[in-house]
Amino acid sequence: MGFLDALLGRSKPVRPDLDQLFALPSAAVTLEAAAGFRPTGLGSVCFASVEGGAFSRIEDEARGLLGGSVEFSQDAYGYTWLLARHPEQDVVGLVNDLHAVNTSLEEAGFGPQLLCSLIGFRDGKDRSLALVYLYKRGTFYPFAPQQSGGEKRDNPLELQVRAMLGDDLTIEKDLARWFPVWGAPGL
């Protein structure tokens, strides 16, 4: 970073550290012990759509890596979601798969298209929660839609989870970057 960048308040973007995903199993233990949220066994990776043969190659490679436990979908904004399924108690396996997909996309030159990865949780009251990893920021944040439906968030729960997981995960400090992931596969 140069003098002019510092003077104008610009900073270097944070390099993604996909190895941070490996902190999710311990965060899942903390989350279950502190708040009763158990993993659902579902996790997903979101990336900007890739056209043509490149997408077919990505899809084939992901299916080869993960076997039959992967599904692809596209959301209303045109982003592609890859959903991986594991038994609920296999958070380590799920994280390994998400890491492998992210790494594979990055190594194939699609790093700039990667947006986020998430793992879903539910509690005994049937509340949903996702721990979202922002690829371009190298940080996590909790996303909790309200049970009542619609597009409303349970902000108190999100802040409570942030406080619980501060020692387990690198939590995104800028709350404005806690983007909603409505209808995300795995949530």
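Scroll up to find the structure this text is about.
Treat the numbers as computed from the prediction; the structure is a model and nothing was measured.

Novice: Describe the pairing of strand β4 (residues 114-122), and please don't skip the residues or the numbers.
Specialist: Burial analysis of β4 places seven of its nine residues in the buried class, the great majority of the element. Sheet topology places strand β1 (residues 38-48) next to β4; seven bridges connect them, and they run antiparallel. The partner of C46 across the bridge, within β4, is C116. The pairing of β4 with strand β5 (residues 128-134) spans seven bridges and is classified as antiparallel. Across the sheet, residue R122 finds its bridge partner in β5, namely S128. Hairpin connection from β4 to β5: five residues lie between these consecutive antiparallel strands, with D126 at a positive phi of about 65°.

Novice: Can you explain the packing of aromatic side chains? Please cite residues and give values.
Specialist: Using the criterion set out here, one finds three aromatic pairs in the structure. Note on Y141 and W178: the rings are 6.1 Å apart at their centroids and 20° apart in plane angle, and the pair reads as stacked. In this pair, Y141 sits in strand β6 (residues 139-143) while W178 sits in the segment after α5 (155-165), placing the two residues 37 residues apart along the sequence. Taken as a pair, Y141 and W178 share a single burial class, namely buried.

Novice: Provide a residue-level description of the packing of helix α2 (residues 24-35) against α5, including the pertinent values.
Specialist: It is the contact of α2 with α5, at a shortest axis distance of 10 Å, that shows an interaxial angle of 120°. Classed by the angle they form, the pair α2 and α5 counts as oblique. Handedness of the α2/α5 crossing: right-handed. Contacts between α2 and α5 involve A27, T30, L31, A34 and A35 from the former and V161, M164 and L165 from the latter. Of the residues contributing to the contact of α2 with α5, the split by class is seven nonpolar, one polar and no charged.

Novice: Give me the lowdown on the pairing of β1, citing residues and values where you can.
Specialist: When β1 meets strand β3 (residues 79-85), the two strands line up antiparallel, connected through seven bridges. Bridge pairing in β3 links L42 to R85.

Novice: An account of the side chain of D97 is requested, with residue identities and associated values reported.
Specialist: Topologically, D97 is positioned in helix α4 (residues 91-110). In this structure D97 is buried but unpaired, with R85 as the nearest side chain of opposite charge at 11 Å.

Novice: Would you mind going over α5 in detail, with residue names and values included?
Specialist: Those residues of α5 lying buried are L157, E158, V161, M164 and L165. The arc that holds the buried residues of α5, viewed along the axis, is 120°, so those residues lie on one side. Set apart from the buried face of α5 by more than 90 degrees, the exposed residues are P156 and A163. The inward-facing, buried residues of α5 contact α2, β5 and β6.

Novice: Now, about the environment of H86: what can you tell me, with residues and values included?
Specialist: You can see H86 is positioned in the loop between β3 and α4. Separated by 17 residues in sequence, H86 and S69 have C-alpha atoms that sit 7.4 Å apart. Among all residues touching H86, those that are not within four sequence positions of it are T40, G41, G93, L94 and D97. Only 3.0 Å separates the side chain of H86 from the side chain of D90, close enough to count as a polar contact. At 3.5 Å, the side chain of H86 forms a polar contact with the backbone oxygen of G93.

Scoring rules and cut-offs
Residues numbered from 1 in each chain as written. Predicted model: local features only at pLDDT ≥ 70, side-chain atom pairs only at ≥ 80, totals over all residues. Heavy atoms only, no water. Buried < 20%, exposed > 50% of the residue type's maximum accessible area, 1.4 Å probe, protein only. Helix = DSSP H or I, 4+ residues; strand = E, 2+ residues; numbered from the N terminus. Pairing = 2+ DSSP bridges. Phe/Tyr/Trp six-rings, centres within 6.5 Å; stacked < 30°, edge-to-face > 60°. Axes fitted to C-alpha atoms, helices over the stretch in contact; angles between N-to-C directions. Parallel < 35°, antiparallel > 145°, perpendicular 65-115°, else oblique. Left-handed = near helix turned anticlockwise from the far one by under 90°. Contact = heavy atoms within 4.5 Å. Nonpolar A, V, L, I, M, F, W, Y, C, P; charged D, E, K, R; others polar. Lys, Arg positive; Asp, Glu negative; His and termini not counted. Salt bridge = Lys/Arg side-chain N within 4 Å of Asp/Glu carboxyl O. Arc of directions from axis to C-beta. Polar contact = N/O pair within 3.5 Å; in protein donor to acceptor, adjacent residues only side chain to side chain.

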